[in-house]
Amino acid sequence: MKAIRIIACASLLLASAGAFAAPKTCKVDITGNDAMQYDKKEISVAADCTDVEVTLKHIGKLPAQAMGHNWVLAKTADMAGIAGDGAGAGFANDHIKPGDARVIAHTKIVGGGQTATVTFSISKLKKGEAYSFFCSFPGHWSIMKGAFKFG
Ligand SMILES: [Cu+2]
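Report follows, based on the coordinates. All residue numbers refer to positions counted from 1 along the written sequence of the respective chain. For a predicted model such as this one, the threshold for reporting local features is a pLDDT of at least 70, and the threshold for listing and counting side-chain atom pairs is 80 or more; totals across whole chains, interfaces and linings nevertheless cover every residue. Hydrogen atoms and water are omitted, and side-chain values are computed over all heavy atoms in the structure.

A word on the coordination of the copper ion
When a metal holds four donors in a tetrahedron, each ideal angle between them is 109.5 degrees; when it holds six in an octahedron, the ideal angles are 90 or 180 degrees.
Thought 1: Each protein donor to the copper ion is listed here as His69 (ND1), Cys135 (SG), His140 (ND1) and Met144 (SD); together their distances run 2.1 to 2.8 Å.
Thought 2: Each of the 4 donor atoms bound to the copper ion contributes to angles spanning 80 to 133°, and the resulting shape is irregular.
Thought 3: Written as a sequence motif, the donor residues of the copper ion are H-x65-C-x4-H-x3-M.
Thought 4: Looking at His140, the relative accessible area reads 3%, which means it is buried. The donor definition counts N, O and S atoms within 2.8 Å of each metal and applies 3.2 Å to Na, K and Ca; water is not among these atoms, so some sites may look incomplete. Metal sites are grouped by the angles between bound donors: all angles between 85 and 135 degrees with four donors is tetrahedral, opposite donors over 155 degrees apart with the others between 65 and 115 is square planar for four donors and octahedral for six, and any other pattern is irregular. Relative accessible area decides the class of each residue, using a 1.4 Å probe on protein chains only: under 20% of the type maximum gives buried, over 50% gives exposed, and in between gives partly exposed.

Some thoughts on the packing of aromatic side chains
Thought 1: Note on aromatic pairs: the rings of Phe, Tyr and Trp (six-membered ring only in Trp) are paired at centre separations within 6.5 Å, and the planes decide the class, stacked below 30 degrees, edge-to-face beyond 60, tilted for the rest. Taken as a whole and assessed by the stated rule, the structure comprises 6 aromatic pairs.
Thought 2: Summarising the aromatic geometry, the rings of Trp71 and Phe120 are spaced 6.1 Å apart at their centres and angled 20° between planes, so their arrangement reads as stacked. Of this pair, Trp71 sits in the loop between α2 (64-67) and β4 (72-75) while Phe120 sits in strand β6 (residues 115-121), and the two are 49 residues apart along the sequence.
Thought 3: Members of the aromatic cluster, each reached through a chain of ring pairs, are Tyr38, Trp71, Phe120, Phe133 and Phe148. Per the convention used, a helix needs a DSSP run of H or I reaching at least four residues, while a strand needs a run of E reaching at least two, with both numbered from the N terminus.

What about the state of the cysteines?
Thought 1: Disulfide assignment relies on a single distance test, namely cysteine sulfur atoms paired within 2.5 Å. Under the defined criterion, the tally for this structure stands at 1 disulfide.
Thought 2: With a sulfur-sulfur separation of 2.0 Å, Cys26 is cross-linked through a disulfide to Cys49. Across the S-S bond of Cys26 and Cys49 the torsion is about -95°, and the bridge reads as left-handed. One end of the pair, Cys26, is in strand β1 (residues 25-32); the other, Cys49, is in the loop between β2 (42-45) and β3 (51-58), with 23 residues separating them in the sequence.
Thought 3: The exposure class assigned to Cys26 is buried, which follows from its relative accessible area of 11%.
Thought 4: For Cys49, a relative accessible area of 6% gives the class buried.

Focus: the pattern of salt bridges
Thought 1: A carboxyl oxygen of Asp or Glu within 4 Å of a side-chain nitrogen of Lys or Arg is what we treat as a salt bridge. Counted according to the given criterion, the structure contains 6 salt bridges.
Thought 2: Between Asp48 and Lys24 there is a salt bridge, with the nearest N and O atoms lying 2.9 Å from each other. Note that Asp48 is positioned in the loop between β2 and β3 and Lys24 in the loop between α1 (2-19) and β1, a separation of 24 residues in sequence.
Thought 3: A network of salt bridges, in which partner residues are shared, links Asp85, Lys97, Asp100 and Arg102.

Shown next as structure tokens:
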């Protein structure tokens, strides 16, 4: 009787160990330009990615104060609210309201020739929820946005 219980315990342990996939950081590159455009309308990461590293490169020439871009990830439903608050949050805050819990991940704002990177865990995202990425520089998010898909 005792032996059976031990075997049952061991198989439970094995089953739960299998649920944790090996960590895998998937890299995504995206550019922004002087015409207020990203080069991607959608980002899709594979199901085995546990973390995502996004690198935003500004391939234009304009300074950040004039044509700055960042990369912000949030639920699609939160995008307008974050962008609205971000517009008033100021350049020094990367146009993100300080402590905005709706923001899942974001880079700093970059200008022409500059690059910024952010890494986040896929565990912050829920299956079945719609997520989007966008630029929170005032006036940009209506054009600079796209769907973020995973799994
Ligand atoms: Cu922008």
